[in-house]
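One letter stands for each residue in the lines below.
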Amino acid sequence: MTNTLTQIASRLKQGVTPQALPIPGTNQIENSAGGYSFPVNDWTRLHRFLILGTEGGSYYATEQKLSADNANGVMNCIQNDGPRVVREIVAISKAGRAPKNDQALFALALCASLGDNETRKLALDALPEVARTGTHLFHFAAFCEGARGWGRGLRRAVGRWYETMDADKLAYQALKYQARDGWSHRDLLRLAHPKPQSEAHGILYHWMTQGWPSVGDQPHDVESLRQIWAFERAKRAENESEIVSLIREYKLPREGIPTQFLTSPKVWEALLEDMPIAAMVRNLATMTKIGLLTRTSDSTKRVVSMLSDGNRIRRARLHPIAILSALTTYSSGKGVRGNATWNPVPSVIDALDSAFYTAFGSIEPTGKRWNLALDVSGSMGAYQIAGVAGLTPRVASAAMAMVTNAVEDDVQMLAFSHELRTLNLSRKQRLDDVLKAVDNIPMGATDCALPMLWAAKTKAQVDVFVIYTDNETWYGQVHPVEALRRYREESGLAAKLIVVGMVANKFSIADPNDAGMLDVVGFDTAAPQLMSDFSLNNM
Ligand code: CA
């Protein structure tokens, strides 16, 4: 007993606590690996959930468990400050900061169902801003059905969604997906009874509830309904040139093209002319396979020019994860499922590589000395981010670190588990190669203190340590924050620590009471600029 207390007293003096024990005097909690971490506050947790989601679970928790934990976290936030939750959801969703909008819709449904009166009203008012497509609306309806049932407020909010959308946009949404998640426009219109804001709205509602029109030879009198006329015509088109002229004249999207025409380069060439950039990125392999994208074709030039257009990428909220996913699949030349193969066009791969960085927006370089450390331990190699095959937190961290590496001049990159190695990754290396290189580093136990210990030992000059991790540290003989404080003392530098959370759990290695430490969320498109601002004291 005396012996144990003596040990604790001496550790307190030296600031050295094994990670298997909590640092005395802090609110550290046991993490899933059996080590101790700080609990993140409810708002950081909400951000992690909104951005990273829970799809596929984590190394330590099933998807079900992780989702239930996060739903509880959202509920805590709603109880503390429901209006703030709505504001955070709208901000993250509207800016396209998350790879998927599903979590935002889920959290909004919780606000609309379980919040106080003010929160419920704000959530329902925000519906058109968060549910921007028919598919989003169907997701939201499915979440609400589970959480609350169909009261008057919800019916009116759904009604307003239809009333406030322009008729041509509504027609487009209707022909892309008539139903999803067990919900159709017919179901929602029957529940919500929106008022027709125009003749076109009235006709659309009628079609959606009573069935689609029979189609004559002439396009519809009302201009915003002509796309639907063309959609119906396409179903009975007999040849490729008929389809091509329907696409060109009425901007039919891919979803409106009968399957038998989807192997035709001419059809895809016409589709590409008005294709939204997200759809283009998803269909690169198909367009290459059927022979439209070649080393020299005009369509390739069009694709490369779309991917080089930063404004277009940001307007479309094309998320870096979508680009990264396309890049890794496309460059591999074979489909994730099935046995489709294609010859990837090098200029398209390079354009995807640049577009990944562009999608984060412009980031102000700070001139600071950065140490970017990737947790490559076993737990980081499990499951995947945003449902993207092969995109584990481990390889995703590498891509995220490359964003800072690309804008800053003074960067040291490290990878660690219970051992540490330096990484030499240049911006010139393509992301798919970077990911492979990091994936090939042997995995091991987790010691998040190693980057700071390494810097102290090698006398490296570091202004900002960035650690990309799931915060499940347990292996080391000293806590990361203790190692950081020791580094500050020995180096005389007020080094900061930014923790980039790569899994939506409730742990952090950052001490919330130390103003020199910050939690950000991996793959939040706003994270790199937040990191810059923090390193410059701009926040
Ligand atoms: Ca680990």
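Here the structure is shown first, and the text comes after it.
Rules and cut-offs
- Residues numbered from 1 in each chain as written.
- Predicted model: local features only at pLDDT ≥ 70, side-chain atom pairs only at ≥ 80, totals over all residues.
- Heavy atoms only, no water.
- Axes fitted to C-alpha atoms, helices over the stretch in contact; angles between N-to-C directions.
- Helix = DSSP H or I, 4+ residues; strand = E, 2+ residues; numbered from the N terminus.
- Parallel < 35°, antiparallel > 145°, perpendicular 65-115°, else oblique.
- Contact = heavy atoms within 4.5 Å.
- Nonpolar A, V, L, I, M, F, W, Y, C, P; charged D, E, K, R; others polar.
- Salt bridge = Lys/Arg side-chain N within 4 Å of Asp/Glu carboxyl O.
- Buried < 20%, exposed > 50% of the residue type's maximum accessible area, 1.4 Å probe, protein only.
- Pairing = 2+ DSSP bridges.
- Right-handed = clockwise from strand over helix to strand, strands pointing away.
- Core = buried A, V, L, I, M, F, W, Y, C linked by side-chain atoms within 4.5 Å.
- Expected span 1.5 Å × (residues − 1).
- Donors = N, O, S within 2.8 Å, 3.2 Å for Na, K, Ca; no water.
- Phe/Tyr/Trp six-rings, centres within 6.5 Å; stacked < 30°, edge-to-face > 60°.
- Patch = residues over 30% accessible without salt bridge, like charges linked within 9 Å, V, L, I, M, F, W, Y side chains within 5 Å.
- Areas by Shrake-Rupley, 256 points an atom, 1.4 Å probe, with all protein chains shown as cover.

1. Points about the packing of helix 13 (residues 240-250) against helix 14 (residues 265-273)
Between two packed helices, what matters for the description is the angle formed by their axes and the separation of those axes.
In step 1: Two elements in contact, helix 13 and helix 14, have axes separated by 9 Å at closest approach and are oriented at 0°. If you check the angle between helix 13 and helix 14, you find them roughly parallel. Within the contact between the two elements, helix 13 uses Glu240, Ile243, Val244, Ile247 and Arg248 and helix 14 uses Lys266, Val267, Ala270, Leu271 and Glu273.
In step 2: Of the residues in the contact of helix 13 with helix 14, the class split is six nonpolar, no polar and four charged.

2. With respect to the packing of helix 2 (residues 42-52) against helix 4 (residues 102-114)
In step 1: Following both chains from N to C, one finds helix 2 and helix 4 inclined at 130°, their axes separated by 7 Å at the closest point. When the interaxial angle is binned, helix 2 and helix 4 end up oblique. Residues Phe49, Leu50, Ile51 and Leu52 of helix 2 touch helix 4, and the partners they reach there are Gln103, Ala104, Phe106 and Ala107.
In step 2: In terms of residue class, the contact of helix 2 with helix 4 is built from seven nonpolar, one polar and no charged.

3. Quick word on the pattern of salt bridges
In step 1: Inspection of every chain in the model, using the stated rule, returns 21 salt bridges.
In step 2: Across the pair Lys100 and Glu55 runs a salt bridge, and its minimum N-O distance is 2.9 Å. Residue Lys100 is found in the loop between helix 3 (63-94) and helix 4, and its partner Glu55 is found in the loop between helix 2 and helix 3; the two are separated by 45 residues along the sequence.
In step 3: A relative accessible area of 37% means that Glu55 is categorised as partly exposed.
In step 4: The closest approach of N and O atoms between Asp298 and Lys301, which form a salt bridge, is 3.6 Å. Placement of both Asp298 and Lys301 in helix 17 (residues 298-307) is noted, with a separation of three residues, approximately one turn of the helix. The two residues Asp298 and Lys301 agree in class, both being exposed.

4. Examining the pairing of strand 11 (residues 517-521)
In step 1: The element strand 11 is extensively covered by neighbouring structure, given that four of its five residues are classed as buried.
In step 2: Pairing analysis gives five bridges linking strand 9 (residues 496-501) to strand 11, with the strands arranged parallel. Directly across from Val499, in strand 11, lies its bridge partner Asp519.

5. What to know about the pairing of strand 9
If a strand is regular, its side chains alternate between the two faces of the sheet.
In step 1: In terms of burial, strand 9 is largely enclosed, as six of its six residues are buried.
In step 2: Side-chain alternation along strand 9 places Lys496, Ile498 and Val500 on one buried face and Leu497, Val499 and Gly501 on a second face that is also buried.
In step 3: Relative to strand 9, strand 8 (residues 464-469) is paired through six bridges, and the arrangement is parallel. What sits directly across from Tyr468, in strand 9, is Val500.
In step 4: Taking the sense of rotation as the criterion, the β-α-β connection linking strand 8, helix 24 (residues 480-491) and strand 9 turns out right-handed.

6. Thoughts on the nonpolar core
In step 1: Ranked by internal contacts, the top residues of the largest apolar core, which has 155 residues, are Phe140, Tyr162, Met280, Phe356, Tyr468, Ile498 and Phe523.
In step 2: No other element matches the nine residues that helix 3 contributes to this core.
In step 3: In this structure, Ile23, Trp454, Leu484 and Ala495 belong to the second largest nonpolar core, which totals 28 residues.

7. Some words on helix 7 (residues 134-147)
In step 1: For helix 7, with 14 residues, the first-to-last C-alpha span of 20 Å sits near the 20 Å given by 1.5 Å per residue.
In step 2: The complete set of buried residues in helix 7 reads Gly134, Thr135, His136, Leu137, Phe138, His139, Phe140, Ala141 and Cys144.
In step 3: A positive backbone phi angle near 85° is found at Gly149, which sits one or two residues after helix 7.

8. Here's the deal with the coordination of the calcium ion
In step 1: Those donors, Ser377 (OG), Ser379 (OG) and Thr446 (OG1), are the protein atoms that reach the calcium ion, and they lie 2.3 to 2.4 Å from it.
In step 2: Sequence spacing of the donors to the calcium ion: S-x1-S-x66-T. Ser379 matches Ser377 in its accessibility class, with the two residues each being buried.

9. A look at the packing of aromatic side chains
In step 1: Tallied over the entire structure, the rule returns 12 aromatic pairs.
In step 2: For the ring pair Tyr330 and Trp342, a centre distance of 6.4 Å and an interplane angle of 20° mean the geometry is stacked. Linking Tyr330 in helix 19 (residues 320-332) with Trp342 in the loop between helix 19 and helix 20 (346-358), this pair joins segments that are 12 residues apart in sequence. Of the two residues examined, Tyr330 and Trp342, each falls in the buried class.
In step 3: With 5.4 Å between their ring centres and 75° between their planes, Phe356 and Phe360 make a pair best called edge-to-face. Accessibility assignment for this pair places Phe356 and Phe360 in one class, buried.
In step 4: Taken together, Phe49, Phe106 and Phe143 form an aromatic cluster joined through their ring pairs.

10. Brief notes about the environment of Ala109
In step 1: In this fold, Ala109 is placed in helix 4.
In step 2: Through-space distance from the C-alpha of Ala109 to that of Gly146 is 9.3 Å; in sequence the pair is 37 residues apart.
In step 3: When sequence neighbours within four positions are dropped, the list of residues in contact with Ala109 reads Phe140, Phe143 and Cys144.

11. Things to note about the sheet that holds strand 2 (residues 36-39)
In step 1: An order of 1-2-10 is seen for the three strands of this open sheet, with the pairing classed as antiparallel. This sheet does not close on itself; its edge strands, each paired only once, are strand 1 (29-30) and strand 10 (507-508).
In step 2: Where strand 2 and strand 10 come together, two bridges link them in antiparallel fashion. Considered in strand 10, the bridge of Phe38 is made with Ser508.

12. Some words on helix 1 (residues 2-14)
In step 1: Compared with an ideal rise of 1.5 Å per residue, which puts 13 residues at 18 Å, helix 1 spans 18 Å between its outermost C-alpha atoms and is within 8% of the ideal.
In step 2: In the stretch just after helix 1, Gly15 is the one whose phi turns positive, near 65°.

13. A closer look at the sheet that holds strand 9
In step 1: The strand order across the open sheet formed by six strands is 7-6-5-8-9-11, and the pairing between neighbours is mixed. In this open sheet, the two edge strands, each paired with only one partner strand, are strand 7 (420-423) and strand 11. Between one strand axis and the next, the sheet turns through 25° on average, direction left out of account.

14. Points about a nonpolar patch on the surface
In step 1: On the surface, Leu5, Ile8 and Leu12 cluster together into a nonpolar patch covering about 260 Å² of accessible area.
In step 2: Relative to the helices and strands, Leu12 is located in helix 1.

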